[in-house]
Amino acid sequence: MNNTLEEKQALQTAQEILDQLTGWKDTLKAVHEQHKEIREFLDPILEHENLDILFLGAEKEEQLINAVFPYMDQTKQVLPRASLLAHPGTELDPHRTTLIVCFENLKPDVLEEAIGQADRICKGNVHYLCITEQKSGMLYELAKERDNAFAFVSGHPMEWSDQIVAVLLCFSADHLADVSIKAEDIIHRSRHFLDHGSDQIIDLVKSYDFDELAFIGMDTLHGLASQDKARFSSIVEGEIYDLSSEERKMLVVLFLSYNDAKEKQYELDLVRNLKEKGKTVLAVSAQHDEAVKDNVRYFVDLGVRFVKNNEFLPLAYLVVAQTLALFKAVELDEENEMALLGSAVRVCRCERKNK
């Protein structure tokens, strides 16, 4: 694998995919080290029945919210809103308790203005969980100066997937031991896939020359859609059956969920329908699923130990999506196609339509 990557000048991207697993480990370690302080700050806030939670300054707010909110069972009436900058008057309610999760991706003056707006509107009924990389900078100083703020310090540079891990772990601090087992397993299985399963992806891109790509997932497994004006679809919404025209060769990547029997049956019906329509499908599964495997052309089994309601499962699927984008770009052998490997990968949603 390394010789091919060096020839295509993609070794750096492959290393970045590996390095993010180290980032997740480092974030987990930092949460354990600050576990007591996190609970002391968050536990009383999460007891409020009328609680709004907002994100401010996250690198990719929509993706983070889609990954985090379905698993925050301990909160009630949570409003999954990504930004309080555009229309703060409509997003902040002084009569409700508000928790704002702050990141450092915005400029300091923009962050300061937004926090000032929250202070004025909420009139003290607001709290700040600051996710910061080091013990310096505006967010850390903000938390030091306020009784209504706490700074979680990761101690390392954070990509958007690290931000997801940090928020999930902080909001799971009351059962961190159980959650840590799931997170560690996801990191382990992701590394195992990169070391031993990536050959399946190489075989796929060599055997099927697709020119359109759609990643599909239910609930938090919204998928990752690689976007390129010439070759790849930008986003997928609504019914999967209308994804591709007859003129294009589409690869449909389905991330399987395990949260309830209805979802599982829907996904099985979905792959059978796609097979009848002649679509080429790669099913990515946390565990072996013979019924799905029999109805798709390509199948990846990650061997995850804990599958039901696993908030970290989308991260393992992310690694598969990144690997697919990497080797497709290598196979294309065009410099401009390397855009698939970084910021062009984004999360999208595909849901059943009510009929």
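The structure under discussion appears in the preceding block.
Right, let's walk through the structure included here. Please read these numbers as outputs of a predicted model, since none were measured by experiment. (Residues numbered from 1 in each chain as written. Predicted model: local features only at pLDDT ≥ 70, side-chain atom pairs only at ≥ 80, totals over all residues. Heavy atoms only, no water.)

Moving on to the packing of helix α2 (residues 11-33) against helix α9 (residues 176-207). The N-to-C vectors of α2 and α9 enclose an angle of 165°; their axes lie 10 Å apart at closest approach. Here α2 is positioned roughly antiparallel relative to α9, judged by the angle of their axes. Here α2 runs over α9; the crossing is left-handed. In contact with I17, L18, L21, W24, K25, L28, V31 and H32 of α2, α9 contributes L176, S180, E184, I187, S190, R191 and L194. In terms of residue class, the contact of α2 with α9 is made up of 9 nonpolar, 3 polar and 3 charged. (Axes fitted to C-alpha atoms, helices over the stretch in contact; angles between N-to-C directions. Helix = DSSP H or I, 4+ residues; strand = E, 2+ residues; numbered from the N terminus. Parallel < 35°, antiparallel > 145°, perpendicular 65-115°, else oblique. Left-handed = near helix turned anticlockwise from the far one by under 90°. Contact = heavy atoms within 4.5 Å. Nonpolar A, V, L, I, M, F, W, Y, C, P; charged D, E, K, R; others polar.)

This part takes up the environment of F152. You can see F152 is positioned in strand β4 (residues 149-153). Remark: the alpha-carbon pair of F152 and K135, spanning 17 residues in sequence, is separated by 9.3 Å. Ignoring anything within four residues of it in the chain, the contact list for F152 reads T27, A30, V31, Q34, I38, C130, I131, T132, A166 and C170.

Right, let's get into the sheet that holds β4. With parallel pairing, the 4 strands of this open sheet are ordered in space as β1-β2-β3-β4. Both outer strands of the open sheet, β1 (51-56) and β4, are each paired with one neighbouring strand and no more. Here the average twist between neighbouring strands, direction ignored, is 15°. Bridge count for β1 against strand β2 (residues 97-102) is 6 bridges, and the pairing is parallel. Among the inter-strand pairings, F55 is bridged to a residue of β2, identified as V101. Docked against the sheet, helix α7 (residues 138-145) engages β2, β3 (126-132) and β4, running at close to 140° with respect to β4. (Pairing = 2+ DSSP bridges.)

This part covers unusual backbone geometry. Non-glycine residue K123 carries a positive phi angle of around 50°. Along the chain, K123 turns up in the loop between α6 (108-122) and β3.

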